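Examining the three-dimensional arrangement
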Amino acid sequence: MKNLLKWSGSSRILILLAVLWIAVILFFAALRPMMFSASTVTTVLQFSTILALVSLGQCLVILAGGAGIDLSVGGTVSLSVMLVMLAVKAGMPPVLLPVACVVAGLLLGLFNGLLVTRLKILPLIATLGTQFVYSGLALALTGGAAQSGVPTWLLPWGRGMILSLPMPFVTLVVPVFVIAAVLLLYSAWGRWLFAMGFNERSARLVGIPVDRGRLLVYGLSGTLAGLAGLVSLAWLGSARPNIGQNLELESLTAVMLGSVAITGGVGGVGGVIAAVILLVTLKTGLLQLNVNTVWQVGIVGALLIAVLLIERLSKRWS
């Protein structure tokens, strides 16, 4: 019965996001019919790739409960790419660049996890602090200058297409989300994660290693941020110290829109990827209509509030 209720809630938010996405498309199509072409779809998915990866990490951290949140994802993306490019310039074999991005992200994420699980610092404060540290280091190490020298063999993957779909989205985002969904629904680790978020005290009483599990999800969040950094290198052809700017807030918005409970223990990854595509579609349409960035931020915030209100009302009615 519990699984049926979870599926019902998940289906409801997916249907709601699908309806909103269609409404957004129709709205922009009415204002500018030539806006939504095959190239626009490609652009939306290309921009969705980086946000989707960091949003998945944010989703796992929040699902694990304990007031979990990772406000450092943007800084992790920025610092990872800068450290890796500096390492390449210092003599690291370029062939190790993808692995180095993942390892850099993992280590930065594990540092967040240690602050939360070992030093018992409130996640909001710990990750807000590391966000400033990571972002500051990314700027300080290079004086704010972009770093060139990305291996040419990486660019065809970052800029390539499969049936007009961006290759990083097809080969990285889709598999990662499928694996995450399967693990959350059908593995013991997934059940532990939901149990930790739903009732941490009960989870500890039945022997679930809560601290180790929470350390793992922060490590995974950092790893996914490192992968997002790799995508940015392969797509842009350079390491930019501000590439992770605003990703922490956008990923949190996507997670909330995706109906993941901020208190943990409730939600799934399907709603998150749907919310990411909705957000990027909305921002792309507003950009093509030359809407000021300030208004874009306000509209996204209003959308978040509207979706949460609709979801709350639908639960009361049911």
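Residues numbered from 1 in each chain as written. Predicted model: local features only at pLDDT ≥ 70, side-chain atom pairs only at ≥ 80, totals over all residues. Heavy atoms only, no water.

For the protein, the count of helices and strands is 13 helices and two strands. Taking 2.2 N^0.38 as the reference for a compact globule, 318 residues should give roughly 20 Å; the C-alpha atoms of the protein span a radius of gyration of 19 Å, in line with that estimate. Contacts in the protein between residues far apart in sequence, at least 24 positions, make up 78% of those at least 6 positions apart. Here the protein has roughly 15,000 Å² of accessible surface; of this, 73% comes from carbon and sulfur atoms. (Helix = DSSP H or I, 4+ residues; strand = E, 2+ residues; numbered from the N terminus. Rg over C-alpha atoms; globule rule 2.2 N^0.38 Å. Contact = heavy atoms within 4.5 Å. Areas by Shrake-Rupley, 256 points an atom, 1.4 Å probe, with all protein chains shown as cover.)

Looking now at unusual backbone geometry. Residues other than glycine seldom take positive phi values, yet Lys120 does so here, at roughly 60°. Tracing the chain through its elements places Lys120 in the loop between α4 (97–117) and α5 (123–140). A relative accessible area of 54% means that Lys120 is categorised as exposed. One non-glycine residue, Asn246, lies in positive phi territory at about 70°. (Buried < 20%, exposed > 50% of the residue type's maximum accessible area, 1.4 Å probe, protein only.)

Attention now goes to helix α7 (residues 167–186). Under the 1.5 Å per step criterion, the end-to-end length of α7 is 28 Å for 20 residues, consistent within 8% with the ideal 28 Å. Most pronounced at Val173, the bend in α7 amounts to some 25°, and the proline Pro175 follows within four residues. Taken together, the buried positions of α7 are occupied by Pro168, Phe169, Leu172, Val173, Val176, Phe177, Ala180 and Leu184. Lining the buried residues of α7 we find α2 (38–63), α6 (155–159), β2 (165–166), α8 (188–198), α10 (210–236) and α12 (269–288). (Expected span 1.5 Å × (residues − 1). Bend = angle between axes of the 7 residues up to and from the residue.)

Their axes nearest at 8 Å, the elements α2 and α12 cross at an angle of 135°. Classified by the interaxial angle, the pair formed by α2 and α12 is oblique. With respect to the hand of their crossing, α2 and α12 are arranged in right-handed fashion. For the pair α2 and α12, the contacting residues are Thr40, Val44, Leu45, Phe47, Ser48, Leu51, Ala52, Ser55, Leu56 and Cys59 in the first and Val269, Val272, Ile273, Val276, Ile277, Val280, Thr281, Thr284 and Gln288 in the second. Of the residues assigned to the contact of α2 with α12, the class counts are 13 nonpolar, six polar and no charged. (Axes fitted to C-alpha atoms, helices over the stretch in contact; angles between N-to-C directions. Parallel < 35°, antiparallel > 145°, perpendicular 65-115°, else oblique. Left-handed = near helix turned anticlockwise from the far one by under 90°. Nonpolar A, V, L, I, M, F, W, Y, C, P; charged D, E, K, R; others polar.)

By size, the foremost hydrophobic cluster in this structure holds 88 residues, and its most contacted members are Leu53, Val54, Leu97, Phe177 and Leu233. When residues in this core are grouped by element, the largest group, 13 residues, is from α2. When neighbours within four sequence positions are excluded, Leu53 is seen to be in contact with Leu172, Val173, Leu224, Leu227, Ala228 and Val231. (Core = buried A, V, L, I, M, F, W, Y, C linked by side-chain atoms within 4.5 Å.)

What follows is about a nonpolar patch on the surface. On the surface, Leu119, Ile121, Leu122, Leu124 and Ile125 cluster together into a nonpolar patch covering about 450 Å² of accessible area. Mapped onto the fold, Leu122 is located in the loop between α4 and α5. With a relative accessible area of 47%, Leu122 lands in the partly exposed category. (Patch = residues over 30% accessible without salt bridge, like charges linked within 9 Å, V, L, I, M, F, W, Y side chains within 5 Å. Salt bridge = Lys/Arg side-chain N within 4 Å of Asp/Glu carboxyl O.)

Counted under the stated rule, the structure contains two aromatic pairs. Aromatic pair Phe27 and Phe28: ring centres 5.4 Å apart, planes at 65°, arrangement edge-to-face. Classification of Phe27 by relative accessible area gives partly exposed; the value is 49%. Each ring, one from Phe47 and one from Trp235, has its centre 5.1 Å from the other, and the planes form 80°; the classification is edge-to-face. Highlighted residues: Phe47 in helix α2 and Trp235 in helix α10, separated in sequence by 188 residues. Overall, the relative accessible area of 45% leaves Phe47 in the partly exposed class. (Phe/Tyr/Trp six-rings, centres within 6.5 Å; stacked < 30°, edge-to-face > 60°.)

Moving on, we come to the confidence of the model for the protein. When pLDDT is averaged along the protein, the result is 88; 93% of the residues meet or exceed 70. Low pLDDT, under 50, characterises residues 1–8; the predicted model gives this stretch one contact beyond four residues in sequence or across chains. (pLDDT = per-residue confidence, 0-100.)

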